[in-house]
Amino acid sequence: MTEILTPRLLLRRWTDDDLVPMAEINADPEVMQWIGDGSVRDLETTAGNIEHWEEEWDDEGFGLFAVELLGSGELIGFTGLSVPHFLPEAEHEVEIGWRLGRQYWGQGYASEAAHAALEFALQDRGLERVISIARAANTASENVMRKLGMTLERETVHPEFGHALRIHAIDLTEYRA
């Protein structure tokens, strides 16, 4: 089982106990405003998401980690690696992404977890490059990208929803944690 410890967090694979807390995160309109068409997701959809994320681990050797707070064991969201199939021009790439419950924003958890996921990408999976995709107005995610050392590479448009996307990238051969 793949697990990563950071000073405050445990990044790990998904369990059945994660469904309800992740569904609560996905049901928050503020959290979901930057995801897809901005719609919230219900318990059934979240279950399908988690199943897909676990399948990606099996298929690709990487995936999205469940992120929990050390000490309390509370699930706060996810971070990790995935193939961005929603964007055909980038589906040959590996994307780093994150989604945390709103009460965990602004505390450095996304950056802490994402740094650990980048180290995993480089050291454990041997990836040389990772991208991150955000809606153009999502300044909080772009701030995390900058903290990771990512730079804006290009802008594009979401093929299904038509909103502007910004793609950041990092060459992991030059990455320093």
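Everything below is about the structure shown above.
These numbers come from a predicted model, not from an experiment. (Residues numbered from 1 in each chain as written. Predicted model: local features only at pLDDT ≥ 70, side-chain atom pairs only at ≥ 80, totals over all residues. Heavy atoms only, no water.)

Taken as a whole, this structure holds 13 salt bridges when the rule is applied. Across the salt bridge formed by aspartate 18 and arginine 12, the nearest N and O atoms sit 2.7 Å from each other. The closest approach of N and O atoms between arginine 129 and glutamate 93, which form a salt bridge, is 3.0 Å. Here glutamate 93 lies in the loop between β4 (75–82) and β5 (95–100) and arginine 129 lies in strand β6 (residues 129–135), a separation of 36 residues in the sequence. Residue glutamate 93 is classed as buried on the basis of its relative accessible area, which comes to 10%. When salt bridges that share partners are traced, they join Glu89, Glu93, Arg129, Glu153 and Arg154 into one network. (Salt bridge = Lys/Arg side-chain N within 4 Å of Asp/Glu carboxyl O. Helix = DSSP H or I, 4+ residues; strand = E, 2+ residues; numbered from the N terminus. Buried < 20%, exposed > 50% of the residue type's maximum accessible area, 1.4 Å probe, protein only.)

Here we come to the packing of aromatic side chains. Applying the stated criterion across every chain, the model contains 6 aromatic pairs. Residues phenylalanine 65 and phenylalanine 120 carry aromatic rings whose centres are separated by 5.3 Å and whose planes lie at 80° to one another, so their mutual orientation is edge-to-face. Pair noted here: phenylalanine 65 is in strand β3 (residues 64–69) and phenylalanine 120 is in helix α4 (residues 109–124), with a separation of 55 residues, a long-range link. When sorted by exposure, phenylalanine 65 lands in the same class as phenylalanine 120, which is buried. Taken together, the aromatic side chains of Trp14, Trp53 and Phe78 make up a single cluster linked through ring pairs. (Phe/Tyr/Trp six-rings, centres within 6.5 Å; stacked < 30°, edge-to-face > 60°.)

In this section: the pairing of β3. For a regular strand, the rule is simple: side chains alternate between the two faces of the sheet. Within β3, 6 of the 6 residues are buried, leaving the element largely enclosed by the surrounding structure. Both faces of β3 are covered, namely the face carrying Leu64, Ala66 and Glu68 and the face carrying Phe65, Val67 and Leu69. Sheet topology places strand β2 (residues 9–12) next to β3; 4 bridges connect them, and they run antiparallel. Among the inter-strand pairings, leucine 10 is bridged to a residue of β3, identified as glutamate 68. Note: β3 against β4, 5 bridges, orientation antiparallel. Across the sheet, glutamate 68 pairs through a bridge with leucine 75, a residue of β4. Connecting β3 to the next strand, β4, in antiparallel fashion are 5 residues, including glycine 71 with a positive phi near 95°. (Pairing = 2+ DSSP bridges.)

Geometric descriptors of this kind do not, in isolation, establish any biological role.
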